[in-house]
Amino acid sequence: PAPPPPPHPAQLHHHPPQCAPTHPPSFFPLLPHLPPHTLPHTLPHTLPHTPGLQTLHLLTLQGRYELRVELEDFENNTAAATYGTFALSPHAIRAEEDGYTLHVGDFVDGGAGDSLSYHNGQKFSTFDRDQDLYVQNCAALSSGAWWFKSCHFSNLNGFYLGGAHLSYANGINWAQWKGFYYSLKKSEMKIRRL
Ligand SMILES: [Ca+2]
C-alpha cells in the first residue's frame, strides 16, 4: 500500500507545543472519550471548586436541617427519601480538611428506599481527591463525586446515562429504588430548616 501523504504544512502546527499550559486536573479529561449521550447532567467538580459544599456546611451550622431527595425515572415515576437530620462536618473547625463529612439520619421512606444512610460519616470524594474507604478510587470507578464509602448505594453526581445501562454503578444511581444499572432522569436534593 502507498504510504500516507505527508501532512499539509498547516497541520504540522495543529498541536500546541509541549510547553503549552495544560488544563487543571479534574474530571474533564475523561469526557472526550465518552459518547455524547453519556455527558453528565452536571459537570463533576473538584473539591477546591465546590463552593456548594462549603455553603452547605455553613448553612447547616445555623440550625437543624432536614434533607429531602426527590427522584424521577424515565417512566415519570417519582420517589423520595427524607432524612430528618442533615449536616456537613458539623463538628469540624475546618470543614474542607474534615472532608465535608456527611451527617445524615432519621430516614423516612418516600418510596425510594434508603440509599444514603450507608454514607453517613463519610468524606466527600472526587476524581482527584480520594477520601473513600475502598482500595481503589470510587469517584473514578463510579464517575461521580459523592460521600463514597466502598463504594456506594447512591451516586447522584454520576453520569447521565439515560435509564438502563450496562456499566456498573456509574450512572445517576439510587440503588434501593432502581439498582446499580439504572440512571435516573432527574434527582434533586433539597434541605429545609426545621
Ligand atoms: Ca479509595
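In case you missed it, the structure is sitting above this.
What you are looking at is a predicted structure, and each value in this text was computed from that prediction instead of being measured.

Caption draft 1: Representation of the sheet that holds strand 2 (residues 78-88). Read from one edge of the open sheet, four strands run 3-2-1-8, paired in antiparallel fashion. The sheet terminates laterally at strand 3 (102-110) and strand 8 (186-193), the two strands that pair on one side only. The average undirected angle you get between the axes of adjacent strands in this sheet is 25°. For strand 1 (residues 65-72) and strand 8, the ladder comprises eight bridges, and the chain directions are antiparallel. Pairing of Val69 across the sheet is with Met189, part of strand 8.

Caption draft 2: Fine view of the environment of Met189. You can see Met189 is positioned in strand 8. Counting along the chain gives 120 residues from Met189 to Val69, while the straight-line C-alpha distance between them is 4.6 Å. Each residue touching Met189, except ones within four places of it in the same chain, is listed here: Leu67, Arg68, Val69, Trp146, Trp147 and Leu156.

What counts and how
- Residues numbered from 1 in each chain as written.
- Predicted model: local features only at pLDDT ≥ 70, side-chain atom pairs only at ≥ 80, totals over all residues.
- Heavy atoms only, no water.
- Pairing = 2+ DSSP bridges.
- Helix = DSSP H or I, 4+ residues; strand = E, 2+ residues; numbered from the N terminus.
- Axes fitted to C-alpha atoms, helices over the stretch in contact; angles between N-to-C directions.
- Contact = heavy atoms within 4.5 Å.

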